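Descriptive analysis of the structure
Below are the chains, spelled out letter by letter.
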Amino acid sequence: MAPFRHTIRVRYQECDAQGVVYFARYPEYYDLTLTELWRETMGSYQSMVDAGTDMVVAGMTIEYRAPARFDELVEVQLTIDRLGETSMLSSYAMLRDGELLVEGTFRHVFIDPPTKTKKPIPGDLRAALAPFVGDQTASLSASTASQPSSESS
């Protein structure tokens, strides 16, 4: 089923003086897409937090290939590359009519909201995200995740 796809129309205020999407907006497009993935798989991001799990960004890469402009439709494709014990690595590609504009990765670490300490990815969350894992062999299964691991995040 991977990747998850979400279409965004570029708004005027997202563009810079050159008339193209300002570079710092692209991570926002990824974040919007991730929020929509959560909405589709779990109802909302807040429902995950209410159930006792949150996540924080631990790393990010961006490669710019071509600009997007005002009023264009941009498709964001998000694939989960790896579900570790306490972290998730995802990659994304932003396209306009099939042309690659931007690509990159995000690494999120799952945490306990009150203490802000790392915690294992809950089984129900892992199961909800499983259809969007690109290479199923790159992710730990729910049964493996409950066993001791040498993975630090």
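See above for the structure.
In what follows, the accompanying structure is described. (Residues numbered from 1 in each chain as written. Predicted model: local features only at pLDDT ≥ 70, side-chain atom pairs only at ≥ 80, totals over all residues. Heavy atoms only, no water.)

A few words on the overall build of the protein chain. For the protein chain, the count of helices and strands is four helices and five strands. Helices and strands in the protein chain line up, N terminus first, as β-α-α-β-β-β-β-α-α. Evaluated residue by residue, the protein chain yields a buried proportion of 41% over its 153 residues. Residue pairs at least 24 apart in sequence account for 68% of intrachain contacts in the protein chain once pairs closer than 6 positions are excluded. Approximately 8,000 Å² of the protein chain is accessible, and the part contributed by carbon and sulfur atoms is 53%. (Helix = DSSP H or I, 4+ residues; strand = E, 2+ residues; numbered from the N terminus. Buried < 20%, exposed > 50% of the residue type's maximum accessible area, 1.4 Å probe, protein only. Contact = heavy atoms within 4.5 Å. Areas by Shrake-Rupley, 256 points an atom, 1.4 Å probe, with all protein chains shown as cover.)

Taken as a whole and assessed by the stated rule, the structure comprises nine aromatic pairs. Between Trp-38 and Tyr-45, the aromatic rings sit 6.1 Å apart at their centres with planes inclined by 40°, giving tilted as the arrangement. On the accessibility criterion, Tyr-45 (26% relative accessible area) is partly exposed. (Phe/Tyr/Trp six-rings, centres within 6.5 Å; stacked < 30°, edge-to-face > 60°.)

Let's shift gears to the sheet that holds strand β2 (residues 54-64). Strand order in the open sheet formed by five strands is β1-β3-β4-β5-β2, with antiparallel pairing between adjacent strands. Of all strands in the sheet, those bounded by a partner on one side alone are β1 (4-9) and β2. Direction aside, neighbouring strands of the sheet carry axes that sit 25° apart on average. As defined by bridge partners, β1 adjoins strand β3 (residues 73-83) across six bridges and the pair is classed as antiparallel. Its bridge partner being in β3, Ile-8 is matched across the sheet by Val-74. Sheet strands in contact with helix α1 (residues 26-42) are β1, β2, β3, β4 (87-96) and β5 (99-111), and its direction is about 130° off that of β1. (Pairing = 2+ DSSP bridges. Axes fitted to C-alpha atoms, helices over the stretch in contact; angles between N-to-C directions.)

General note: in soluble globular proteins, nonpolar side chains tend to be found buried as a group. Judged by nonpolar contacts, the single largest core of 33 residues is most densely connected at Leu-37, Trp-38, Ile-80, Met-88 and Met-94. The set of elements that each furnish at least two residues to this core consists of β1, α1, β2, β3, β4, β5 and α3 (123-129). No other element matches α1, which puts six residues into this core. Leave out the neighbours within four places in its chain, and Met-88 touches Leu-34, Trp-38, Met-55, Ile-80, Arg-82, Leu-83, Phe-106, Arg-107, His-108, Phe-110 and Leu-129. (Core = buried A, V, L, I, M, F, W, Y, C linked by side-chain atoms within 4.5 Å.)

Most of β4 is tucked away, with nine of its ten residues classed as buried. Pairing between β3 and β4: eight bridges, direction antiparallel. Looking at the pairing, Gln-77 lines up with Ala-93 of β4. Here ten bridges tie β4 to β5, and the two strands are oriented antiparallel to one another. Paired with Ser-90 across the two strands is Phe-106, which belongs to β5. Hairpin connection between β4 and β5: a loop of two residues separates the two successive antiparallel strands, and Asp-97 in this loop has a positive phi of roughly 50°.

Next up on the list: the environment of Arg-69. Topologically, Arg-69 is positioned in the loop between β2 and β3. The class for Arg-69 is partly exposed, based on a relative accessible area of 38%. When the C-alpha positions of Arg-69 and Gln-18 are compared, they lie 9.4 Å apart, and in sequence the two are 51 residues distant. Dropping the residues within four chain positions of it, Arg-69 is found in contact with Val-10, Cys-15, Gly-19, Val-20, Val-21 and Arg-96.

As far as function goes, none of this settles anything; it's purely spatial.
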